Amino acid sequence: MTINVGIMGYGTIGKRVADAVILQKDMKLAGVMAHSYNFRIRLAHERGIPVFAQSEETRKVLKQEGIETSGMTDDLLRTSDIMVDASPKPYGLANREKLYKPNKVKAVFQGGEKDDVGQVSFNAQSNYEDAVDKDYVRVVSCNTTGLSRSLQALHKAFSIEIARATLVRRAADPSNVKRGPVNAIVPAMELPSHHGPDVRTVIHDLEVFTTAMIVPTTLMHLHTLHVKLKKQAEVDEILDVFNRTTRLMVMQTSAGISSTAGILEYAKDRGSKRGDMMDLAVWDKGVGLHHNEVFFMQAVHQESIVVPENIDAIRAMMGEHDAHASIVATNRALGLHNPERFDY
Ligand SMILES: NC(=O)c1ccc[n+]([C@@H]2O[C@H](COP(=O)([O-])OP(=O)(O)OC[C@H]3O[C@@H](n4cnc5c(N)ncnc54)[C@H](OP(=O)(O)O)[C@@H]3O)[C@@H](O)[C@H]2O)c1
């Protein structure tokens, strides 16, 4: 069976998920919605991707620019089994009510939306099964995805008593010049920050508390974690668990990868499209122990980490019960560095 996927919101996340869909053997990109005319839509058109117009005005502008659309919103909904909604918050919720429900089309939403936009929140390695056959699923945010990957692995292996994390968040995506430049560190005045409770939407029994701050960088987020384990573990055992965890890459400090810039340089040199890093990156030399408390640092490429999760959410919602099969198929198609990892 081929799954026809439509994309609503062709920005940072939407364009990446569209490219990821094209790479899956069991999926077809039905088309992308153009909210306005811009270079992303022009490139999609030049690559032969069907473009649909969100309004009559957009259709006219696109036509003036030489882009013949394949139809309007209703047309894309008709030819799609499932929509990936990557519009800015809170349009996903409005789209669910106005577009997806009346047209009986399933939809994957993103982490900017409130968690009740979906029947479940989703992280493939934590709760794939919860999304099977669902109509509306929310893939958790980039930060929550990163936290869920490492914490789920440690929780499964050693049982976590409590996880505490401080999130050092990038101020804006690189191309988002409207939100920069920023010359300040902005502490989040909420305790816990919303990330901790969000992790619990996918790992329900985890005790976790987070704080956050925004810093003047655009490349990646960085998290420092202090995690109290119920079972005693050595540093080597912790690294071994991380090395067996899907979509998590232990970065070799001795190879000169000592910053978020180094991680993205590595991703570019590996030939990753757009220089994306879909794996969560954990520095080997950053892992340490004090009694039964493990300390480590991890980096999250906000623009791409949720892309494989969107693909697995699509498969689960379309009835694929086998989480392992979906995760490996996605990893292989996207060229993740160790696609066959079984432990998640
Ligand atoms: N970027 C990240 O770091 C990141 C990471 C994880 C999750 N997310 C989440 O992913 C979602 C999308 O974020 P993004 O960063 O991809 O946003 P983005 O780069 O701003 O892209 C949003 C896209 O949606 C279009 N759009 C605007 N208004 C719309 C509407 N009313 N209906 C449909 N489409 C509309 C925009 O078109 P125009 O160009 O015409 O405005 C643009 O193509 C958000 O929930 C966000 O929280 C973002």
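All values reported here derive from a predicted model rather than from experimental measurement.

Rules behind the numbers
- Residues numbered from 1 in each chain as written.
- Predicted model: local features only at pLDDT ≥ 70, side-chain atom pairs only at ≥ 80, totals over all residues.
- Helix = DSSP H or I, 4+ residues; strand = E, 2+ residues; numbered from the N terminus.
- Buried ≥ 20, exposed ≤ 12 C-beta atoms within 10 Å, placed from the backbone.
- Contact = placed C-beta atoms within 7 Å.
- Near = placed C-beta within 6 Å.
- Nonpolar A, V, L, I, M, F, W, Y, C, P; charged D, E, K, R; others polar.
- Domains from an automatic or database assignment.
- Pairing = 2+ DSSP bridges.
- Axes fitted to C-alpha atoms, helices over the stretch in contact; angles between N-to-C directions.

**Focus: the overall build of the protein chain**
Point 1. On a plain count of helices and strands, the protein chain comes out with 12 helices and 15 strands.
Point 2. Oriented by its inertia axes, the alpha-carbon framework of the protein chain measures out at about 65 × 45 × 40 Å.
Point 3. Looking at the protein chain as a whole, 47% of its 344 residues are labelled buried.
Point 4. Taking the contacts inside the protein chain whose residues are at least 6 apart along the sequence as the reference set, 69% of them involve residues at least 24 apart.

**Quick look at the site of the ligand**
Point 1. Taken together, 25 residues lie near the ligand, and Gly 9, Gly 11, Ser 36, Gln 110 and Gly 112 sit nearest.
Point 2. Residue contributions to the shell around the ligand peak at three residues, all from helix 1 (residues 12-23).
Point 3. The residue inventory of the shell around the ligand, partitioned by class, reads eight nonpolar, 13 polar and four charged.

**A word on the domain arrangement of the protein chain**
Much of the literature gives interface size as the accessible area that the parts lose upon coming together.
Point 1. Its domain assignment divides the protein chain into domain 1 (3-140 + 306-334) and domain 2 (142-300).
Point 2. On a C-alpha basis, the centres of domain 1 and domain 2 stand 26 Å from each other.
Point 3. Contacts between the two partners involve 19 residues from domain 1, matched on the other side by 16 residues from domain 2.
Point 4. Looking at the side of domain 1 that touches domain 2 residue by residue, the class counts come to seven nonpolar, eight polar and four charged.

**A closer look at the sheet that holds strand 7 (residues 136-139)**
Point 1. Read across the sheet, seven strands follow the order 3-2-1-4-5-7-6 without closing on themselves; strand pairing throughout is parallel. Since the sheet does not close on itself, it has two edges, and those belong to strand 3 (51-53) and strand 6 (120-122), each with one partner. Direction aside, the axes of adjacent strands within the sheet are offset by 25° on average.
Point 2. Where strand 6 and strand 7 come together, three bridges link them in parallel fashion. Looking at strand 7, one finds that Val 120 is bridged to Val 137.

**Observations regarding the pairing of strand 12 (residues 248-251)**
Point 1. The two faces of strand 12 match: Leu 248 and Val 250 on one face and Met 249 and Met 251 on the other face are all buried.
Point 2. Pairing analysis gives four bridges linking strand 12 to strand 13 (residues 280-283), with the strands arranged parallel. If you follow Leu 248 over to strand 13, its bridge partner there is Leu 280.

**Regarding the pairing of strand 7**
Point 1. Across the two faces of strand 7 the burial is the same, with Tyr 136 and Arg 138 and Val 137 and Val 139 all buried.
Point 2. Sheet topology note: the strand 5 (residues 106-109)/strand 7 ladder contains three bridges and is parallel. Bridge pairing in strand 7 places Ala 107 opposite Tyr 136.

**Comments concerning the environment of Asn 123**
Point 1. Mapped onto the elements of the fold, Asn 123 is located in the loop between strand 6 and helix 6 (124-127).
Point 2. For Asn 123, a count of 28 C-beta atoms within 10 Å gives the class buried.
Point 3. Each C-alpha atom, one on Asn 123 and one on Ala 323, is 11 Å from the other, the two residues being 200 residues apart in sequence.
Point 4. Excluding anything up to four places from it in sequence, Asn 123 contacts Val 140, Thr 145, Ser 148, Val 202 and Glu 309.

**Quick notes on unusual backbone geometry**
Point 1. The amide bond that connects Lys 89 to the next residue, Pro 90, takes the cis arrangement and shows omega of 0°.
Point 2. By secondary structure assignment, the location of Pro 90 is in the loop between strand 4 (82-85) and helix 5 (91-100).
Point 3. A cis amide bond links Leu 191 to the next residue, Pro 192, at an omega of -5°.
Point 4. Here Pro 192 shows up in the loop between strand 9 (186-187) and helix 8 (195-199).
Point 5. If you check the backbone angles, Lys 104 has positive phi at about 55° while not being a glycine.
Point 6. Within the fold, Lys 104 resides in the loop between helix 5 and strand 5.
Point 7. For Lys 104, a count of 8 C-beta atoms within 10 Å gives the class exposed.
Point 8. Even without a glycine there, the phi angle at His 291 is positive, about 55°.
Point 9. In this fold, His 291 is placed in the loop between strand 14 (288-290) and strand 15 (293-300).

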